[in-house]
Amino acid sequence: MTINVSMTVNGAQVSHDIEPRMLLVHFVRETLELTGTHWGCDTSNCGACVVRIDGQPVKSCTILAAMCDGHEVATVESLEVEGQLDPIQMGFHERHALQCGFCTPGMLMTTRALLDENPDPTDHEIRVAISGAICRCTGYKNIVSAVRWAAEHEAATANREG
Amino acid sequence: MQTPAAFEYERATSVDGAIASLERLGSEARVIAGGHSLLPMMKLRLANPEHLVDINDLTELSYIREQEGEIRIGAMTRHVDLLRSDLLAQHFPLFRDAETVIADPVVRNRGTIGGSLCQADAAEDLSAVCAAAKASVVIRGSGGERVVSMDGFHVGPFTTAVGAAEILIEVRLPVRPDGGSAHEKVERRAGDWAIAAASAAVWMQDGTIGDAGIALSAVGLTTIHVTRAEELLRGKAPSDELFAEAGAIASEDCSPASDGRGPIDYKRHLAGVLTQRALRRATARALHQEA
Amino acid sequence: MATIENLPSPSAERPIGFGRLKRKEDARFIRGQGTYLDDIRLPGMVHGAILRSPYAHARVVSIDTSRALAHPNVAAVVTAKDLETLGLAWMPTISYDTQAVLAGDKVRFQGQEVAFVIATDEYSANDALQLIDVEYEPLPAIVNARKALDPDAPLIRDDKAGQHDNLASPTWEAGDEEATNRAFAEADTVVSRDIIYPRCHPAPLETCGIIADFNPQTGQLNIWNGNQAPHAHRTVYAHVAGLAEHMIRIRCSDIGGGFGNKVPVYPGYVCAIAGSIVAGVPVKWIENRTENLVSTGFARDYVMRAEMCSKDGKITGLRVDVIADHGAFDSTAQPTKFPAGFFHIVCGSYDLQASHVKVKAVYTNKAPGGVAYRCSFRITEAVYLVERMVDALALKMKADPIDLRMRSFIAPGQFPYETTTGWTYDSGNYAETMKVAMDIAGYDDLRREQREKRERGELMGIGVAFFTEGVGAGPRKHMDILGLAMNDGADLRVHPSGKAVVSISAQTQGQGHETTFAQIVAEELGIPPEDIEVRQGDTDKSPYGLGTYGSRSTPVSGAAVAVVSRKVRDKARLIAATMLETRPEDLAWEKGRWYVKGDPEKGAMIEDIAVRAYGGEPMPEGMEGGLDAQVIYDPPNLTYPYGAYIAVVDVDPDTAQVTVRRFIAVDDCGVRINPMIVDGQIHGGLAEGIGIALMELLSFDAEGNCLNSSFMDYLIPTALECPDFELGETVTPCPHHPLGAKGVGESPNVGSPPAIVNAVIDALYETHGVDHIDMPCTPARVWAAMQGRPEPPQ
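## Regarding empty space enclosed by the protein
All names here are of chain C.
Here's step 1: All told, the structure shown has 11 cavities of 30 Å³ or more when counted by the stated rule.
Here's step 2: Computed from the structure, the largest cavity encloses a volume of approximately 530 Å³.
Here's step 3: For the largest cavity, the lining is made up of 37 residues, of which Gln511, Ser553, Gln681, Val744 and Gly745 are closest to its centre.
Here's step 4: Elements supplying a minimum of two residues to the lining of the largest cavity: helix 14 (513-525), helix 15 (553-580) and helix 17 (675-694).
Here's step 5: Per-class residue counts for the lining of the largest cavity are 14 nonpolar, 18 polar and five charged.

## Things to note about the confidence of the model for chain C
All names here are of chain C.
Here's step 1: With 98% of its residues at a pLDDT of 70 or more, chain C has an overall mean of 95.
Here's step 2: The model gives residues 1-11 a pLDDT under 50, and that stretch makes 13 contacts with residues more than four places away or in other chains.
Here's step 3: Per the prediction output, this complex has pTM 0.97; the corresponding ipTM is 0.98.

## A word on the packing of helix 3 (residues 104-117) of chain A against helix 5 (residues 141-160) of chain A
All names here are of chain A.
Here's step 1: Packing of helix 3 against helix 5 brings their axes to within 11 Å, and their N-to-C directions diverge by 45 degrees. Taken together, the axes of helix 3 and helix 5 lie oblique to each other. Both helix 3 and helix 5 take part in a crossing whose hand is right-handed. Residues Met107, Thr111, Arg112, Leu114 and Leu115 of helix 3 form the contact with helix 5, whose participating residues are Ile143, Val147, Ala150, Ala151 and Glu154.
Here's step 2: Grouping the amino acids of the contact of helix 3 with helix 5 by side-chain chemistry returns seven nonpolar, one polar and two charged.

## Structural notes on the domain arrangement of chain C
Residue and element names in this part refer to chain C.
Here's step 1: Once the domains are mapped, chain C shows domain 1 (38-139 + 207-255 + 262-295), domain 2 (299-473 + 637-786) and domain 3 (488-633).
Here's step 2: Summarising the inter-unit geometry, the C-alpha centres of domain 1 and domain 2 are found 37 Å apart.
Here's step 3: In total, domain 1 and domain 2 occlude about 1800 Å² of area from one another, counting both sides; carbon and sulfur atoms represent 60% of this.
Here's step 4: In this assembly, domain 1 and domain 2 are joined by zero salt bridges.
Here's step 5: Seen at the junction of domain 1 and domain 2, the total is 10 residue pairs in polar contact (both at pLDDT 80 or more).
Here's step 6: Put simply, the parts of the chain that give the side of domain 1 that touches domain 2 at least two residues each are strand 5 (98-100) and helix 9 (289-295).

## Some details on the side chain of A:Gln89
Here's step 1: As for its placement among the helices and strands, A:Gln89 is situated in helix 2 (residues 87-94).
Here's step 2: With residues near it in sequence (within four places) discarded, A:Gln89 still touches A:Leu79, A:Glu80, A:Leu108, C:Ile30 and C:Arg31.

## Comments concerning the interface of chain A and chain B
Here's step 1: Of the residues lining the interface, 33 residues belong to chain A; the matching set on chain B comes to 32 residues.
Here's step 2: Between chain A and chain B lies a buried interface of about 2600 Å² when both sides are counted; carbon and sulfur atoms form 61% of it.
Here's step 3: Interface area lost by chain A to chain B is led by A:Arg21, A:Asp42 and A:Met67, which between them contribute 25%.
Here's step 4: Where chain A touches chain B, the interface holds two salt bridges.
Here's step 5: We note a salt bridge from A:Glu117 to B:Arg84, for which the minimum N-O separation is 2.6 Å.

## Observations regarding the pairing of strand 31 (residues 658-668) of chain C
Residues and elements named next belong to chain C.
Here's step 1: Of all 11 residues making up strand 31, nine are buried, and the element is well covered by its neighbours.
Here's step 2: As defined by bridge partners, strand 30 (residues 642-651) adjoins strand 31 across 10 bridges and the pair is classed as antiparallel. Opposite tyrosine 642, over in strand 31, you have aspartate 668 as the bridge partner.
Here's step 3: Hairpin connection between strand 30 and strand 31: a loop of six residues separates the two successive antiparallel strands, and alanine 656 in this loop has a positive phi of roughly 70 degrees.
Here's step 4: Direction of pairing for strand 31 relative to strand 32 (residues 726-729): parallel, over a ladder of four bridges. In the sheet register, alanine 665 faces strand 32, and the bridge partner there is leucine 727.
Here's step 5: For the crossover from strand 31 across helix 17 to strand 32, the handedness is right-handed.

## Digging into the interface of chain C and chain A
Here's step 1: Counting residues at the interface gives 64 residues for chain C and 56 residues for chain A.
Here's step 2: Taken over both partners, the interface formed by chain C and chain A buries close to 5000 Å², and the fraction arising from carbon and sulfur atoms is 55%.
Here's step 3: By the criterion of area lost to chain A, the three top residues of chain C are C:Ile30, C:Tyr123 and C:Leu205, representing 16% of everything that side buries.
Here's step 4: Taken together, the connections running from chain C to chain A amount to nine salt bridges.
Here's step 5: Among the ionic pairs, A:Glu80 bridges to C:Arg31, the shortest N-O distance being 2.9 Å.
Here's step 6: At the boundary of chain C and chain A, one finds 32 residue pairs in polar contact (both at pLDDT 80 or more).
Here's step 7: At the level of secondary structure, the elements contributing two or more residues to the side of chain C that touches chain A comprise helix 2 (26-29), helix 5 (122-129), helix 9 and helix 17 of chain C.
Here's step 8: The biggest single contributor to the side of chain C that touches chain A is helix 17 of chain C, with eight residues.
Here's step 9: Split by residue class, the side of chain C that touches chain A holds 29 nonpolar, 17 polar and 18 charged.

## A few points about the environment of B:Gly180
All names here are of chain B.
Here's step 1: You can see glycine 180 is positioned in strand 11 (residues 179-187).
Here's step 2: Residue classification places glycine 180 among the buried residues on the basis of a relative accessible area of 4%.
Here's step 3: Residues contacting glycine 180, with those up to four places away along its chain left out, are Ala200, Ala201, Val202, Ala282, Arg285 and Ala286.

## Observations regarding a negative patch on the surface
Residues and elements named next belong to chain C.
Here's step 1: Judged by side-chain charge, Glu173, Asp176, Glu177 and Glu178 come together as a negatively charged surface patch.
Here's step 2: Structurally, the position occupied by glutamate 173 is in strand 9 (residues 167-175).
Here's step 3: Take glutamate 173: its relative accessible area is 43%, and that puts it in the partly exposed class.

Conventions adopted
Residue positions are counted from 1 within each chain, in the order its sequence is given. To read the labels, note that chains go from A and ligands from 1, taken in the order they are written. Selection of residues for local features in this predicted model requires a pLDDT of at least 70, selection of side-chain atom pairs for listing and counting requires 80 or more, and totals for whole chains, interfaces and linings are taken over all residues. In computing side-chain values, all of the structure's heavy atoms are included and hydrogens and water are not. Both site types are read off a 1 Å grid over the protein atoms alone. A 1.4 Å probe that fits but cannot get out defines a cavity, while an open set with protein on both sides within 12 Å along at least five of seven lines defines a pocket; lining residues have an atom within 4 Å of a point. Grid points are joined across faces, edges and corners, and a volume is the space filled by probe spheres set on the points. Each helix corresponds to a stretch of at least 4 residues labelled H or I by DSSP, and each strand to a stretch of at least 2 residues labelled E; elements are numbered beginning at the N terminus. All amino acids are sorted into three groups, where Ala, Val, Leu, Ile, Met, Phe, Trp, Tyr, Cys and Pro are nonpolar, Asp, Glu, Lys and Arg are charged, and the leftover types, Gly among them, are polar. pLDDT gives the predictor's per-residue confidence on a scale running from 0 to 100. Contacts are assigned to residue pairs with any non-hydrogen atoms lying within 4.5 Å of each other. Axis geometry follows a simple rule: fit a line to the C-alpha atoms, using only the stretch in contact for helices, then measure angles between N-to-C directions, giving values from 0 to 180 degrees. Orientation categories follow fixed angle ranges, with anything under 35 degrees roughly parallel, anything over 145 roughly antiparallel, 65 to 115 roughly perpendicular, and all other angles oblique. Here a crossing is called left-handed whenever its near helix is offset anticlockwise from the far helix by less than a right angle, and right-handed whenever the offset is clockwise. These domain limits were set by an automatic method or by a database of domain assignments. Accessible surface is computed with a 1.4 Å probe, and the buried area is the amount of it that two parts give up when combined, taken over both parts together. A side-chain nitrogen of Lys or Arg and a carboxyl oxygen of Asp or Glu constitute a salt bridge if their distance falls within 4 Å. A 3.5 Å cut-off defines polar contacts: any pair of N or O atoms within that distance qualifies, except that in protein one atom must be a possible hydrogen donor and the other a possible acceptor, and neighbouring residues in sequence count only when both atoms are side-chain atoms. With a 1.4 Å probe rolled over the protein chains alone, any residue whose accessible area is under 20% of its type maximum counts as buried; one over 50% counts as exposed, and the rest are partly exposed. By the convention used here, strands pair only if DSSP detects at least 2 bridges between them. Call a crossover right-handed when, viewed with both strands pointing away from you, the route from the first strand across the helix to the second goes clockwise. Patch definition: residues with relative accessible area over 30% and no salt bridge; like charges joined within 9 Å; nonpolar side chains (Val, Leu, Ile, Met, Phe, Trp, Tyr) joined within 5 Å. Reported accessibility uses the Shrake-Rupley method at a 1.4 Å probe radius. Residues are deemed covered only where the shown protein chains occlude them. Positive: Lys, Arg. Negative: Asp, Glu. His and the chain ends are not part of the count. The atom standing in for a charge is NZ when the residue is Lys, CZ when it is Arg, CG when it is Asp and CD when it is Glu.

If you want it as structure tokens, here you go:
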């Protein structure tokens, strides 16, 4: 038994016949072959699978692909545009905010959404924003620093561009 | 990865359409809203519905507004909107207290108030919040709507007054003057379910507590509504001693079970401590004295 | 690309050699372009799923797979009977025990593998698991290590001939019992404690898994598998499956964290290999999170009793008796001759008169494992024990815990220092490192703040731990695993363009090998690190070696890379001498260049030497062309990193919640190749240590049900439980490592739990009389301790 789902993923319209039970994380990874989105826990505790739906970060292991029919999905693959890294990606590199890299896509999507909403977050606000995401490698300190780097970078860029 | 068993899926375009679908599909159909309680159960194969009726398109159920002396919250209102609503925070600040400690920000983007209440997990925060705030809920079926108090809503563990072909559509919070409220929770780690949590609301009247609402999460098979403590408080001037007495009642009247979060005596202790803390803060808010 | 103000200067940004070089591997990870195991898809690939036992101990009466086989998408269902025909029903563990690949006679822990389903897709495979009917006859379960040796305890390993009890290994001892008795007889203060290091789990964010692809035509077995020791795995598979080792190729994908969990060979791996051999197509099997927590490599689970004594204000003796809980099969990861790993480093950083350690191991109806969760072979348990005991002694002596440590430290002049259990610590200045930590913490001010808060009824604790680790296993004269020397290879080829490829036997799981090892070559040869490709994790493309765990990458593999670079440099010198028409001994080296002593203008750059090495012009007499070299590095000793950690905690007097407000970590890991990466390693290990101290626990009920089988109950700290770590350093180069480096990955996980627990006790002793608590310090457990009835974890 399959149903057709159509949605916008990273700006492109996609349409596929899938089982209703297919989780969004599998639709993205298996059907669309966008493997940047990971899964780590089954129970929506780890945040490795975070993508954005209509701009909001959500855990794609706990949403059906069918529920996204007609919506806009953005994955980590959307961050780099025409060879230009998103400042949040640059920040993670600059501040050594990743080690094994497995949580990184979810962290990037979560913190990008944070900055879109709150361009100048405090350290505590950053920690709250990523509190649904587990990183086993970094102890979070450098992730906080990376988000601050991106915030400052964006502010500096905005100032220069007046 | 864990995956759910197969089911059929349809998307409701109206509340009545959803109700009609539930009637048509029978007892093996479930409503899915945010899905953050249901889908994990389905992945564990603890829930195996044959049909899912997705009500996420029912944006008409997503609102927080003041109407007829009540704050009315649509069932599809998501946690994030409850957290951010200044209207809600102004009249019922315990919602914001609770929403900062319910799951995590990303989960809060999906989970809904209706889903939380209908899951009726005794450890869930909003059921206690609504009980303390003296909320009622609106349940709609093909025969029309009925309004049920929180006491009537909670039928038993994981069981509510919402029938198989009914949908919870609204939560109503009566606004009364000089009120204050607070929610206190102890958890093992950020984002975890409560070891214990207490919601309290007070409505002041001439320097005394005119009415009070107290409810507890995670210390019984269902949300514990501590009516004895509410009675104690009515008509009395707020004081730490009074709150301690109310806390003692909360400790006595809850019925926690021992589990990985803690033993019974600790949970009883927390019920008392958190009730006191919530009352203290609720009263300070009612009196505009919050530090 | 836009930049921001205040960027460091280019040379500091892009050091040729040691320094804060940003990581090369980031480029793919920040784009979501890492290739982790589940990202790999092969043509025709099918999916495996494992049916697991719901019981901790039960006889398997029957297994009926017919309904599963009738599922249209199911290709095969494998049970123990099928494996028996292939000779694969049991497999050897790395501790010379055997482990059932699929349970045939009995299940011995909840979550044990019972059947393996192969289906076209993961959803169907999971569906089919529900269609397998297994009849069990439940047996009483043993989950408590102390009860495992009761005479009436049910026998768990009735499969082993001659096994009549649940003893997994005979008592193993270190130190001198008589001398220890004398030290205690002469002591003026003695303390004793029962201390449990509870069972916890490395829980890397990516679970374990494998893709096995056996080609029946060629006999080639291709394996994709994120594991920490690919060469050792290949040897094991060759042994287990009876395949030719050279016909097995293991490729490590990017690994989403290991922390010891990805060291062992698991039954699921063998099932997938058997499945591919049977089905003739590639088989992918990846654990879900529950499977990871309930069946693959747990850590710790040491039940310890210790006594420590002092004389004239100084620690003099230590006596330790341990029961190690190995679970149902002994698959602990230890060097062969060390059944308790390096636990006997338990004498710590102190100049003791004597010590004695006894360890015995038992079987229980719990998952097998005993891997080192970011720990070098039980050093974590040892450091936890000794640092808790020092604090217990300080309490009894009414001494400041730092003062007692300072009085008892091995002094700088005593190195190399032979401990009372036989380790030779190579170097150290412990007091200096302790002082740096005290300065960062503002120790005296903290004590003042604590006194003031106590008067106001607030509970604040300051906890100290000082650790010495022995890492970088290890010298072949002392240790091996399954008979394999714990050495590592490196193969360096400088190409005619002057760019290089270095192949190593270590395997990164996030430690940044691609960057750090390039920096080592850069430091030694002056080739920019971006021009050095680090190859790892492919058994066809890298030299043999035992992999990455036990903080051994830099101490062993890093040393191999340094040595191989120096071999290339030596060869370059001979070629340069020919080029410069002088004698090799007249040449001096500066980074990237040999030049003539006394005429520094005259020299040859490494890239020019490379051109010559591959070019048409003559080579030095008797020398082959090319500029490359290969080594297998056998470390002469372990390295001994150490550190001083201070935790500051607040305890809510009413709810008993513990908050780690500050954490100060001063590590001496010798020379730091990339300080940025070193700091990152420390941050990560501290977070894990906070997890272990406060929340991470695998617990079991009396029937052996695992109570922490998902991330809803196996709690890992989030950003909100971790403070803004404060780091410091001292640098005491390792005298025998070619770079003076010691390894650091595990230090923070080793050192932080005792600091935090000591802090919790420090917060509660004076007001509540709490002088002991076992981990994890959850609110409920701390509250129970505050009520005067602390409970051991179960």
